[in-house]
Amino acid sequence: MQATDAARAAGAQLPSGSKPNILYIMADQLAAPLLKMHNPKSKIKTPNLDRLAESGVVFDQAYCPSPLCAPSRMSMVTGQLPTKIGAFDNANSVGSDIPTYAHYMRSNGYETVLAGKMHFIGEQLHGYEKRLTSDIYPGDYGWVVNWDEPDRRLEWYHNASSILQAGPCVRSNQLDYDEEVIYKSKQFLYDHVRQGEQKRPFCLTVSLSPLDEICLEQLLTK
């Protein structure tokens, strides 16, 4: 997908037989029934996603392998079911010996780059050459529940306050984080162009926080 000016420039005038640049966008909780491409009556405005859908492939029967964030992400990057790789919840780490698509892309000459959250615990690269941002959540076993205090929730963890305090949101730590992810991603694309003809093709994964269609649309804006 080369929908931003930077991405278009990065993929422009590719020599015959060269490898295309890859921009892989990942977002939490982007529920299909709420998108206009699946529901014309949806009130959510996502013109750039709609434009991509019109010119690309839309899957009508694609299912998430887990209701949790980390297992789903680990399944997508490895191509294996969460149960097979031991990614049962957000507190499970994936072995560094399990190859990801980043390993395969890197072995095929791609510059593999990650921006945004991925819930990697311990090992933070898993085939990527570099990260443009740190993760939004701790990269350790802080997710593990202390069963001696099952009702205690850490300050940074999701809790019922998002429901009890529901209403218009001016700012949140997710919005702050995602804006940095988008900025870093766009800057990477511009820097890629500046490298000239000798640059390697890139495989850039941009991974956003829950329900942030705003930042996703910013990335895809012409």
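Computed from a prediction, not measured in an experiment: that's the story for all the values here.

Caption draft 1: Quick peek at the overall build of the protein chain. From N to C terminus, the protein chain includes 8 helices and 4 strands. Along the protein chain, helices (α) and strands (β) appear in the sequence α-β-α-α-α-α-β-β-α-α-β-α when read from the amino end. Looking at the protein chain residue by residue over its 222 residues, the buried ones come to 40%. Split by element, the accessible area of the protein chain, about 13100 Å² in all, is 54% carbon and sulfur.

Caption draft 2: Expanded view of the pattern of salt bridges. Counted under the stated rule, the structure contains 6 salt bridges. Residue lysine 117 is joined to aspartate 28 by a salt bridge in which the shortest nitrogen-to-oxygen separation is 3.1 Å. Linking lysine 117 in the loop between strand S2 (111–116) and strand S3 (130–131) with aspartate 28 in the loop between strand S1 (22–27) and helix H2 (47–55), this pair joins segments that are 89 residues apart in sequence. An identical accessibility class is assigned to lysine 117 and aspartate 28; each is buried. Across the pair glutamate 129 and arginine 200 runs a salt bridge whose closest N-O atoms are separated by 3.0 Å.

Caption draft 3: Molecular detail of empty space enclosed by the protein. Enumeration over the complete set of coordinates arrives at 1 cavity of 30 Å³ or more. Considering only enclosed or pocket space, the largest cavity measures out at about 30 Å³ in volume. Lining the largest cavity we find Met74, Asn92, Ser93, Val94, His119, Phe120, Ile121 and His126. Among the residues forming the lining of the largest cavity, the class breakdown is 4 nonpolar, 4 polar and no charged.

Caption draft 4: A look at the pairing of strand S4 (residues 202–208). The buried fraction of S4 amounts to 7 of the 7 residues, a majority that puts the element mostly inside the structure. What you see with S4 is no split at all: Phe202, Leu204, Val206 and Leu208 on one side and Cys203, Thr205 and Ser207 on the other are buried throughout. The sheet contact formed by S2 and S4 spans 6 bridges and is parallel. If you follow glycine 116 over to S4, its bridge partner there is serine 207.

Caption draft 5: Inspection of the side chain of arginine 73 at higher detail. Its location among the elements puts arginine 73 in helix H3 (residues 69–78). Residue classification places arginine 73 among the buried residues on the basis of a relative accessible area of 1%. Within the structure, the side chain of arginine 73 is placed 3.3 Å from the backbone oxygen of leucine 208, a separation counted as a polar contact.

Caption draft 6: Unusual backbone geometry, seen in detail. Even without being a glycine, histidine 119 presents a positive backbone phi close to 60°. Structurally, the position occupied by histidine 119 is in the loop between S2 and S3. Unusually for a residue other than glycine, histidine 126 sits at a positive phi of about 50°. Its place among the elements puts histidine 126 in the loop between S2 and S3. Residue classification places histidine 126 among the buried positions, given a relative accessible area of 5%.

Caption draft 7: Looking closely at helix H7 (residues 173–194). Spanning 22 residues, H7 covers 32 Å between terminal C-alpha atoms, matching the ideal 32 Å at 1.5 Å per step. Residues of H7 that are buried: Gln174, Leu175, Tyr177, Asp178, Val181, Ile182, Ser185, Phe188, Leu189 and His192. Down the axis, H7 shows its buried residues gathered within 165° of arc, on one side only. Facing away from the buried side of H7 by over 90 degrees, the exposed positions are Tyr183 and Arg194.

Here is what the cut-offs are and how they apply
Residues numbered from 1 in each chain as written. Predicted model: local features only at pLDDT ≥ 70, side-chain atom pairs only at ≥ 80, totals over all residues. Heavy atoms only, no water. Helix = DSSP H or I, 4+ residues; strand = E, 2+ residues; numbered from the N terminus. Buried < 20%, exposed > 50% of the residue type's maximum accessible area, 1.4 Å probe, protein only. Areas by Shrake-Rupley, 256 points an atom, 1.4 Å probe, with all protein chains shown as cover. Salt bridge = Lys/Arg side-chain N within 4 Å of Asp/Glu carboxyl O. 1 Å grid on protein atoms, 1.4 Å probe; cavity = no way out; pocket = protein on both sides within 12 Å on 5 of 7 lines; lining within 4 Å. Points joined across faces, edges and corners; volume = space filled by probe spheres on them. Nonpolar A, V, L, I, M, F, W, Y, C, P; charged D, E, K, R; others polar. Pairing = 2+ DSSP bridges. Polar contact = N/O pair within 3.5 Å; in protein donor to acceptor, adjacent residues only side chain to side chain. Expected span 1.5 Å × (residues − 1). Arc of directions from axis to C-beta.

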